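# Geometric and topological summary
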Amino acid sequence: MTENPNAPSARPTTDGPDPDWPDRTVRRIRHAMEELVRMPEPASQAELQDACVAREPLTTWDQSLTNSGAVRAWTNLGWNLTTNIEHAGWLHATRDGFRATAEGRAALAEHPDPQDFFQASVDLYYKWDALRKAPLAPADLPSTAITHGGSGVVHACRATAPVLEAWRRGDSALSPGLDAWGADAAVALRDFLSAEPNPDATMHGLALDKARVLAAEMWVLLVGPLSDMVGSTKRSRIRGSLLRTTDLPPGLPWELSAHLEQGFVHARQALIATPWAMLSSCANLLVDWHEQPSDVREAVWEDPWAFRDLAVAAPSVDPRVAALLCVVVHPESFTTMLRPADRAAIVTALATDADALTDDVEKDLKTITLRLQAEAGGAAVRYDQAPLLQAWSTADGARAWLVRGEVDQQNRVPTWMRQGIVSITVGKLTQLPKEPTQKSLSDLVDEHYGDLQVVKREAKKRDVLSFALGMSDGDLVATVDGGALRLGVVQDEPARLQSIGGMTLLTRAVAWYPDLAPEVKLLPGSIRTRVRFKGEDVLDLTDLAGALADLRPEEEEAERPEDLADLGGLESPEVVEPSETEDAPATAEGAVLACDEAALATRLHHADSSWVSELMVSLNERRQVVLEGPPGTGKTFLVQALLDACGLTEAQSALVQFHPTYSYEDFVEGFRPVATSDAGGASLTVTPGPLKRIADEARNAPGKPFVLVIDEINRANIAKVFGELYFLLEYRGAEVELLYSAGERFALPPNLFIIGTMNTADRSIALLDAAMRRRFVFLSMDSGEPALAGMLHGWCEATGRPTALADLRDRLNAEMAKRGLESALAFGPSYFMRDNVETPAALDRLWRRELRPMLVEHHYGKHQQVDDWYPFPAWVRDLGLSGSADTSVAEAGADAE
């Protein structure tokens, strides 16, 4: 293949004026694999390229650049290695380098001709690609077995089956004949993870090869069943363990690799984000399994409760991992609910008198599940989706929901209020089931959204189920309309599939409070932080139902339009609804920040608009700007004025302030405690920080600008806070996998602007390093900037205050420079831009409480001379600001010191 990876022909086409390009392409691919087979360690991309050049020198055409600016030969080689060759099982390609596999070495021997070798890899790639997308029907099960619906369970079971058989035999699924599941490998892996609880992806220091193979196969069991992890991340986990074996590692068979693309267990980020703890639990369980008598070990494969008892009793095994392995080994007896508290809550909430309970939660849960399956005609039961989720996971009373109202540069809320509805976009659905149930709606989403990644499809499914089945009569609905919060009440009508403005939408009837529109920024913090920057289309806010209900006016009733019944299908040609976002993103004009620069400069009392113009150009060209200057130059005030002048709503901006203890977990994402269904309980879950929240919001509205303001950006440990975002700040189009959100690729959208403020006078903090300075444009706000030099003078004239205030500050700063203080320590105009600052008492307080203490600090060791050098009271009198307090120098010094 050449530039197009999905070209139907296995023969590289002639792309350009060089007719020999196809032949060189296939030769270079084979050369690369031959070199990798000889290399005892993983090779970096540069090392591999150097080895290839020695055997196949680059021609002028090879060295030419593609449209993206990359070298043509290396783009082509990298693409083929990481698609055809890797998915054939002949190569492991990770961030830590390339490594050929034993199967790759065998393929070279079997296909000595470069074109044949290339053709064989392409054939396997297409088989892999077809299988990973294949809708596989689950087998019919007896009524005594728990059913897990969907194609994902079949794929997951086929991926894990050879590994489970290897476990049972003490063999290996990837290297048959190797005792990877034996006691020696289990102990070696357990001991390694105990000594290195957070190793790198390739587990440096793990010496035993069969322990590496064991880790890879354990990953198949741990991540293969997951529906909330993408296939590429699953494969990366497995390959990372194999990369540093002594000899060439085993490959990932293409059939097993393809089955990893889908899953059926929603594990949640709190578990997924702790990969090494998951692997350690599995290793601990295997060690304990080997310590059991042989008859006990054999029994666990036949008796699900024996396996459960062994998994739960094994030391140092996370109960969620134990539950995951139970459903992998015995899916007919266990549900996909991994948290013990959730299983107990389900039994408590959903058990009936007809259920023969035993006080064994797992057995009782199976009893309840089989009853619910029978009631649903044999359909799978999903406790983690509506409406069953709402039946066991909430307190009594009405629920509350947040529904995204601003999507793809369109605001739906005015339409909702005018027509008495709320909606989500479901453009791929053509009709609803006659009787919407969890199964029928899930099947519908699977059928029409089968082309989506399983993670995105499951998210769509949760949105549809929550919207159609979770919402009930009397529930509150909240949404954000510009900068205002809107509230409504769900009506007792079913969800309907309707056409509005040519778009297919799923709608619910809602009575809105027409006059209730509090500003989001003025809401209590508990509400404000939950209704902004959420990635979901439908979010359960039941924990805030009481707080939201308190916002409603006592005498105002929610209303629906009187003529709603006459709308029929709600055809409304004047309404323009956003298009589906699951397909290829619509082309949108690049978001820009724009304002009336002259008006903003006037508001800021600048001499002209030149500085503001430079700021706007820098923001729109680079997207990342830092405003630096001494204290009191109005950096934060200017940013707020800029956001207002650009017309940004509350939802389009966020402000955070860095400080010495601020961390990556605060800024990007990290673990946060959340209440659980058991009384007084809590658990840790991965929660997005302000950067990730606003980035997700910006990504959903590509034509609108969003601004993240970082106040005091240099007060934190920048490298610690930004982490892998250093890379994204420079390469906005690239993606990385975040530290905690395993399985999720993240990029900074181009319509997200970042503005930092930086105090240049604070000596307690370090200046930003060169890497950060390269990624930001730095604009100075000190008095040396021509447009800013007369700011205080202009403010005095505009507000009717004596311009002598500006002269007073100039005299003070001039004396500071004369005494050898750098300009970064000068006092900004904001110190003097205050109400009643021109009064004698205010000037006296300003001197004694703010200016003089800072000067004493700046002249440390010579502080007793400060009053002689800076006779501030005398300057006040000389400049005609008469009547100032005649506080003596000695008195002022006593106050300050």
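Residues numbered from 1 in each chain as written. Predicted model: local features only at pLDDT ≥ 70, side-chain atom pairs only at ≥ 80, totals over all residues. Heavy atoms only, no water.

To continue, consider the overall build of the protein chain. Within the protein chain one finds 38 helices and 20 strands. With 897 residues in all, the protein chain has 54% of them scored as buried. Across the protein chain, every contact between residues at least 6 apart in sequence was considered, and the portion connecting residues at least 24 apart equals 70%. (Helix = DSSP H or I, 4+ residues; strand = E, 2+ residues; numbered from the N terminus. Buried < 20%, exposed > 50% of the residue type's maximum accessible area, 1.4 Å probe, protein only. Contact = heavy atoms within 4.5 Å.)

Moving on to unusual backbone geometry. In this structure, Pro387 follows Ala386 across a cis peptide bond, with omega equal to 0 degrees. Within the secondary structure, Pro387 is located in the loop between helix H18 (361–375) and helix H19 (388–392). Not every positive phi belongs to a glycine, and Met203 is a case in point at roughly 55 degrees. Among the secondary structure elements, Met203 is positioned in the loop between helix H8 (183–195) and helix H9 (209–223).

Applying the stated rule across the entire model yields 49 salt bridges. Between Arg168 and Glu302 there is a salt bridge, and its shortest N-O distance comes to 2.8 Å. Of this pair, Arg168 sits in helix H7 (residues 151–169) while Glu302 sits in helix H14 (residues 294–302), and the two are 134 residues apart along the sequence. Judged by its relative accessible area of 32%, Arg168 falls in the partly exposed class. Taking the relative accessible area as the measure of exposure, Glu302 reaches 57% and is therefore exposed. (Salt bridge = Lys/Arg side-chain N within 4 Å of Asp/Glu carboxyl O.)

In terms of burial, strand E6 (residues 421–425) is largely enclosed, as five of its five residues are buried. Residues Ile421, Ser423 and Thr425 point to one face of E6 and Val422 and Ile424 to the other, with burial holding for every one of them. One ladder, built from five bridges, connects E6 with strand E10 (residues 503–512); its direction is antiparallel. In the sheet register, Ile424 faces E10, and the bridge partner there is Leu506. (Pairing = 2+ DSSP bridges.)

Below, the discussion takes up the packing of aromatic side chains. With the rule as written, the count across this model stands at 19 aromatic pairs. Ring centres 5.4 Å apart and planes at 90 degrees place the aromatic pair Phe827 and Tyr831 in the edge-to-face group. Linked through ring pairs, Trp167, Trp181, Trp289, Trp301 and Phe307 together constitute an aromatic cluster. A cation over a ring is seen here: Arg72 above Trp61, with NZ or CZ 4.2 Å from the ring centre. When the ring centre of Trp219 is taken as origin, the NZ or CZ atom of Arg237, which lies over that ring, is 5.2 Å away. (Phe/Tyr/Trp six-rings, centres within 6.5 Å; stacked < 30°, edge-to-face > 60°. Lys NZ or Arg CZ within 6 Å of the ring centre and 35° of its normal.)

Residue position: Ser830 is located in the loop between helix H34 (804–818) and helix H35 (840–858). With 198 residues separating them in the primary sequence, Ser830 and Gly632 have C-alpha atoms 4.6 Å apart.

Strands sit in the order E13-E16-E19-E12-E20 across an open sheet of five strands; the sheet is parallel. Strands with a single pairing partner mark the edges of an open sheet, and in this sheet they are strand E13 (653–657) and strand E20 (777–780). Along the sheet, successive strands turn relative to each other by an average axial angle of 20 degrees, direction set aside. Two strands pair when backbone bridges link them, and E13 and strand E16 (residues 706–711) are joined in this way by five bridges, in the parallel orientation. Bridged to Ala654 within E16 is Leu708. Its contacts with the sheet place helix H27 (residues 635–645) against strand E12 (624–629), E13, E16 and strand E19 (752–759), and it is angled at close to 160 degrees to E19. Sheet strands in contact with helix H29 (residues 690–699) are E13, E16 and E19, and its direction is about 165 degrees off that of E16. (Axes fitted to C-alpha atoms, helices over the stretch in contact; angles between N-to-C directions.)

Looking at the element boundaries, Gln640 is found in helix H27. In this structure Gln640 comes out as partly exposed when scored by relative accessible area, which is 39%. In this structure the C-alpha to C-alpha distance between Gln640 and Leu655, which are 15 residues apart in sequence, comes to 9.7 Å.

The next thing to look at is H29. The buried fraction of H29 amounts to nine of the ten residues, a majority that puts the element mostly inside the structure. Among all positions in H29, only Pro690, Leu691, Lys692, Arg693, Ile694, Ala695, Asp696, Glu697 and Ala698 are buried.

Next up on the list: the confidence of the model for the protein chain. Confidence in the prediction for the protein chain averages 84 pLDDT; 87% of positions are at 70 or higher. This stretch, residues 1–9, has a pLDDT under 50; its non-local contacts, to residues over four places away or in other chains, come to 28 contacts. This model gives residues 563–589 a pLDDT under 50, and the stretch forms 56 contacts once residues within four places in sequence are excluded. (pLDDT = per-residue confidence, 0-100.)

Let us look at the nonpolar core. Ranked by internal contacts, the top residues of the largest apolar core, which has 71 residues, are Trp167, Trp181, Leu189 and Leu222. Broken down by element, this core gets its largest block of residues, eleven residues, from H9. Beyond its immediate chain neighbours, meaning those up to four positions away, Leu189 contacts Met203, Leu206, Ala211, Leu214, Ala215, Met218 and Ala283. Of all hydrophobic cores here, the second largest spans 38 residues; its members include Ala695, Ile718, Leu748 and Ile754. (Core = buried A, V, L, I, M, F, W, Y, C linked by side-chain atoms within 4.5 Å.)

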